[in-house]
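Here is how the chains run, residue by residue.
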Amino acid sequence: MSLTSDPPRGGPAVPAAPDAAGADADEDGRLTVVPVRHPWRWLAVAATAVLLLQFAHGLATNPGWEWEVFAEFFTAEVILRAVWVTLQLTCYGTALGFGLGVVLAFMRLSASPFLRLVAHGYIWAFRSIPLIVQLLFWFNLAYLYDEIQFGIPFGPGFVSFDTMGLVGAMGAAVLGLALHQAAYAAEIVWAGVLSVDAGQLQAAASLGIPRLRQIRRIVLPQAMRSILPNAANEIISLFKGTSIVSVMAIGELFYQVQVIYGRNGRVVPLLMVATLWYVLLTTVLSVVQHHVEKRFAKGATP
C-alpha cells in the first residue's frame, strides 16, 4: 500500500470538482480564482461621487455664496481679534477646567466618603445644568453679592472686591466654561486612572515607592493613553462651544460674525467665514492630538 498522497499511476484521471465558490479547475488541476464582484459597492461609490461633484459645482457656481464677501472678511482685523478671543476662552477654560477636574477625579478615588460624595455632587450638578444657564448665572453674580470678601470663614473679611469689577463678562465666561468643563474632565481622568491595573500599585507599594511617585511615574503615564483621546474631544467641543458666550455680548468669533451680518445682511458668506475658521482651528487641534497620543502610545502599539 502506498503511503504517499500522489495519485496512482495509470488508470483513468478523475476530473477536479468545482469548489464551493464556483471556481473551476484547468487542465493541470489548478483552480482558477474568480474575484468576487461588488456591484452595489460600485453603485454606492458612483452615487456618492456624483453628490460630491454636485455640491462642489454648487459652491463654485451659485452666486448666493458670495465668495468675494467671504474673501473680504475672512482675514479682516475684527475677525482676527474675535478668533483670538475664542482661543483665549478655550485655553483658559481648558486649563482651569482640567486642573479642577484632576482634583475632583482624585476626590472620587479618595478613601473618604465625604470627599467622594462632594465630587459626585459637583459632577452631577454641573452636568445637569445647561451651560447657557451657568454662564448667565455667573454673569449676574453681582445681583446676589455686591462684593466678595476674603478673610476668616464665617468671620470678618480682610480684603473685599466689588463683584462687578472682579467678575466681568470675560471673567464670567471663563468661570462658567471652566466649572462646566471640570465636571467632564473629572470623569475622563477618573476613568483613565481606573484603567491602570491595580496590581501595579500593589507591587509598587510592596517595593516601598511613595504614593505620590506611584501616581506620577506609574499611574499617569499609562492612564494618559486612555485620558488623551477623550480629553482632546472635550477640548475641541469646548472650542466650538465658546460660541455660546455670544449671549453675553463677548466679542468672540460667532458674536462678531453676527454683528457684521446684522449690519450688511450678508448672512451666508459671514457664516462661512466662521465655519472655515472653526474647521481650520479644529484641524490644528486634531493634528496636535494625534502627535501627543502617538508619543504616549510608545511601547503600547507595534
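Since the model is a prediction, treat every value here as computed from it, not as a measurement.

K.L.:
Can you walk me through the pairing of strand β1 (residues 147-151) in this structure?
P.N.:
Walk down a regular strand and you will see the side chains alternate between the two sheet faces. Looking at chain direction, β1 and strand β2 (residues 157-162) are connected through five bridges and run antiparallel. Note that in β2 the partner of Phe150 across the bridge is Val159. The antiparallel pairing of β1 with β2 creates a hairpin that spans five residues between the two strands, and Phe154 there sits at a positive phi of about 60 degrees.

K.L.:
Explanation requested: the side chain of Thr86 in the structure shown.
P.N.:
By secondary structure assignment, the location of Thr86 is in helix α3 (residues 77-108). Since its relative accessible area comes to 1%, Thr86 is described here as buried. From its side chain, Thr86 meets the backbone nitrogen of Leu253 in a polar contact 3.1 Å long. Apart from residues lying up to four places away in sequence, Thr86 is in contact with Phe239, Thr242, Glu252 and Leu253.

K.L.:
Help me understand the pattern of salt bridges, please; the structure alone is not making it clear to me.
P.N.:
Overall, the coordinates contain four salt bridges when judged by the stated rule. Ionic pairing is found between Arg266 and Glu66, a salt bridge with its closest N-O pair at 2.8 Å. Note that Arg266 is positioned in the loop between α10 (253-264) and α11 (267-296) and Glu66 in the loop between α1 (39-61) and α2 (67-74), a separation of 200 residues in sequence. Taking relative accessible area as the criterion, Glu66 reaches 19% and is therefore assigned buried. Taking the shortest distance from any N to any O, the salt bridge between Glu187 and Arg108 comes out at 2.2 Å. Remark: Arg108 occurs in helix α3 and Glu187 occurs in helix α7 (residues 169-194); sequence separation between them is 79 residues. A cluster of three or more residues bridged by salt bridges with shared partners is formed by Arg108, Arg127 and Glu187.

K.L.:
For this particular structure, what's the right way to read the environment of Glu68?
P.N.:
Inspection of the secondary structure puts Glu68 in helix α2. Once the C-alpha coordinates of Glu68 and Pro269 are considered, the two residues, 201 residues apart in sequence, prove to be 8.6 Å apart.

K.L.:
Help me understand the UniProt feature "transmembrane region" (unreviewed entry) in the chain, please; the structure alone is not making it clear to me.
P.N.:
Taking the UniProt record as the reference, the feature "transmembrane region" (unreviewed entry) is found at residues 40-59, 79-109, 121-145, 157-179, 235-255 and 267-288. With 97% helix and 0% strand, the stretch residues 79-109 has end C-alpha atoms that lie 44 Å from each other. With 48% helix and 0% strand, the stretch residues 235-255 has end C-alpha atoms that lie 20 Å from each other.

K.L.:
How should I be thinking about a nonpolar patch on the surface in this particular structure?
P.N.:
Together, Ile129, Ile132, Val133, Leu136, Phe139 and Val247 make up an exposed nonpolar region whose accessible area comes to about 450 Å². The topology assignment puts Ile129 in the loop between α4 (113-128) and α5 (131-139).

K.L.:
I'm lost on the packing of aromatic side chains in this one. Help?
P.N.:
Any pair of aromatic rings gets described here by the distance separating the centres and the angle formed by the planes. Applying the stated criterion across every chain yields a total of seven aromatic pairs. On the numbers, 5.4 Å between centres and 85 degrees between planes, the contact of Trp67 with Phe70 is edge-to-face. Taken together, the residues Trp67 and Phe70, both in helix α2 and three residues apart, mark about one turn of the helix. Owing to a relative accessible area of 13%, Phe70 belongs among the buried residues under this scheme. Between Phe137 and Trp138 the ring centres are 5.3 Å apart and the planes differ by 80 degrees, which places this aromatic pair in the edge-to-face class. For Arg108, the ring lying beneath its charged end belongs to Trp190, and the centroid distance is 3.8 Å.

K.L.:
What's the story with the packing of α5 against α7 in this structure? I'm lost.
P.N.:
Two elements in contact, α5 and α7, have axes separated by 8 Å at closest approach and are oriented at 140 degrees. With respect to each other, α5 and α7 are oriented oblique. By crossing handedness, the relation of α5 to α7 is classed as right-handed. Facing α5, whose interface residues are Leu131, Gln134, Leu135, Trp138 and Phe139, α7 presents Ala169, Ala172, Ala173, Leu175, Gly176, Leu177, Leu179 and His180. For the contact of α5 with α7, the residue count by class is 10 nonpolar, three polar and no charged.

Rules of the game
Residues numbered from 1 in each chain as written. Predicted model: local features only at pLDDT ≥ 70, side-chain atom pairs only at ≥ 80, totals over all residues. Heavy atoms only, no water. Pairing = 2+ DSSP bridges. Helix = DSSP H or I, 4+ residues; strand = E, 2+ residues; numbered from the N terminus. Buried < 20%, exposed > 50% of the residue type's maximum accessible area, 1.4 Å probe, protein only. Polar contact = N/O pair within 3.5 Å; in protein donor to acceptor, adjacent residues only side chain to side chain. Contact = heavy atoms within 4.5 Å. Salt bridge = Lys/Arg side-chain N within 4 Å of Asp/Glu carboxyl O. UniProt positions renumbered as here; feature names shortened; annotations may be inferred. Patch = residues over 30% accessible without salt bridge, like charges linked within 9 Å, V, L, I, M, F, W, Y side chains within 5 Å. Areas by Shrake-Rupley, 256 points an atom, 1.4 Å probe, with all protein chains shown as cover. Phe/Tyr/Trp six-rings, centres within 6.5 Å; stacked < 30°, edge-to-face > 60°. Lys NZ or Arg CZ within 6 Å of the ring centre and 35° of its normal. Axes fitted to C-alpha atoms, helices over the stretch in contact; angles between N-to-C directions. Parallel < 35°, antiparallel > 145°, perpendicular 65-115°, else oblique. Left-handed = near helix turned anticlockwise from the far one by under 90°. Nonpolar A, V, L, I, M, F, W, Y, C, P; charged D, E, K, R; others polar.

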